[in-house]
Amino acid sequence: MDQNFYVHIRFPDNSFYNGLKEVAIPLEEINKTNIHFKNIYIVENRMNYLTLLLNSGDIVIWGMGKGLSLFRDINFLQDVNIYYWGDI
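What counts, and at which threshold
Sequence order sets the numbering: in each chain, residues are counted from 1 along the sequence as written. Where local features are concerned, this predicted model is filtered to residues with pLDDT of at least 70; where side-chain atom pairs are given and counted, the filter is 80 or more; whole-chain, interface and lining totals use all residues. For side-chain calculations, the full set of non-hydrogen atoms in the structure is used, while hydrogens and water are omitted. Only DSSP runs of H or I reaching four residues or more are called helices, and only runs of E reaching two or more are called strands; each is numbered from the N terminus. Radius of gyration: C-alpha atoms only; globule rule: 2.2 Å multiplied by the number of residues to the exponent 0.38. Each residue is placed in one exposure class: buried if its accessible area under a 1.4 Å probe, protein chains only, is under 20% of its type's maximum, exposed if it is over 50%, and partly exposed if it falls in between. A contact between two residues is defined here by any heavy atoms of the two lying within 4.5 Å. Throughout this description, a polar contact denotes any pair of N or O atoms lying within 3.5 Å of each other; where both atoms belong to protein, one of them has to be capable of donating a hydrogen while the other can accept it, and for residues adjacent in sequence the pair is counted only when both atoms sit in side chains. Whether two strands pair comes down to DSSP finding at least two bridges between them. Under this scheme, a helix contributes an axis fitted over its contacting stretch, all axes are lines through C-alpha atoms, and angles between N-to-C directions fall in the 0 to 180 degree range. Grouping buried Ala, Val, Leu, Ile, Met, Phe, Trp, Tyr and Cys residues that are joined through side-chain atoms within 4.5 Å yields what is termed a nonpolar core.

*Asks:* Hey, could you run me through the overall build of the protein chain in this one?
*Replies:* From N to C terminus, the protein chain includes one helix and five strands. Start at the N end of the protein chain and walk to the C end: the helices and strands fall as β-β-β-α-β-β. Relative to its length of 88 residues, the protein chain is compact, with a C-alpha radius of gyration of 12 Å against a globular reference of 12 Å. Its C-alpha atoms give the protein chain principal-axis dimensions of roughly 30 × 30 × 25 Å. Taken over 88 residues, the protein chain has a buried fraction of 40%.

Shown next as structure tokens:
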């Protein structure tokens with residue numbers, strides 16, 4: 001795992017811990033979280049990350065050009081719907 005990479009996650013509303021709408025979690029600590037959502041959108045572009053419309057049960061992760069390879073060991077990405085929106 002990339003020790004210096006933070007996973008940026010935005011939620012559809014203030015539904016996360018203490019009403020947070022967005023968090024950045026070190027990659028090596030991400031599996032300590034209790035995140036459970038139905039649809040996960042992974043986007044590479046910051047503007048897409050900030051403006052993507054989310055429904056209840058959705059979250060968006062900003063990949064920051066790292067692609068999917070860094071996310072393969074994240075527990076909460078197992079058994080969910082994942083949608084990837086990469087840059088060309």
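*Asks:* Would you mind going over the environment of Asn81 with me for this structure?
*Replies:* Here Asn81 is to be found in strand 5 (residues 81-85). Taking the C-alpha atoms as reference points, Asn81 and Phe37, 44 residues apart in sequence, are found 9.0 Å from one another. Discounting chain neighbours no more than four positions away, the residues touching Asn81 are Lys38, Asn39 and Ile40. A polar side-chain atom of Asn81 sits 3.0 Å from a polar atom in the side chain of Asn39.

*Asks:* How should I be thinking about the sheet that holds strand 5 in this particular structure?
*Replies:* By way of backbone hydrogen bonds, the strands of a sheet pair with one another, either parallel or antiparallel. Strands sit in the order 2-1-4-3-5 across an open sheet of five strands; the sheet is mixed. This sheet does not close on itself; its edge strands, each paired only once, are strand 2 (22-26) and strand 5. Strand after strand, the sheet turns through a mean of 25 degrees between neighbouring axes, direction not considered. Summarising the sheet, strand 3 (residues 39-43) and strand 4 (residues 58-62) pair through five bridges and their orientation is parallel. Residue pairing for strand 4: Ile40 is matched across the bridge by Ile59.

*Asks:* Got a minute to help me understand the nonpolar core in this structure?
*Replies:* Nonpolar side chains tend to gather and get buried jointly when the protein is soluble and globular. Counting residues in hydrophobic clusters, the biggest one holds 20 residues, and the most contacted among them are Val7, Ile9, Ile61 and Phe76. Every element with two or more residues in this core is listed here: strand 1 (6-10), strand 2, strand 3 and strand 4. Not counting residues up to four positions away in its chain, the partners in contact with Phe76 are Ile9, Ile30, Thr33, Ile35, Ile40, Ile59 and Ile61. Ranked by size, the runner-up nonpolar core spans six residues in total, among them Tyr49, Leu52, Leu54 and Val60.

*Asks:* Is there a simple way to explain the environment of Ile9 in this structure?
*Replies:* One can find Ile9 in strand 1. With relative accessibility at 0%, the residue Ile9 sits in the buried group. The spatial distance from the C-alpha of Ile9 to the C-alpha of Ile59 is 6.8 Å, given a sequence separation of 50 residues. Residues within four places of Ile9 in sequence aside, it is in contact with Lys21, Glu22, Val23, Ile25, Ile30, Ile35, Tyr49, Ile59, Val60, Ile61 and Phe76.

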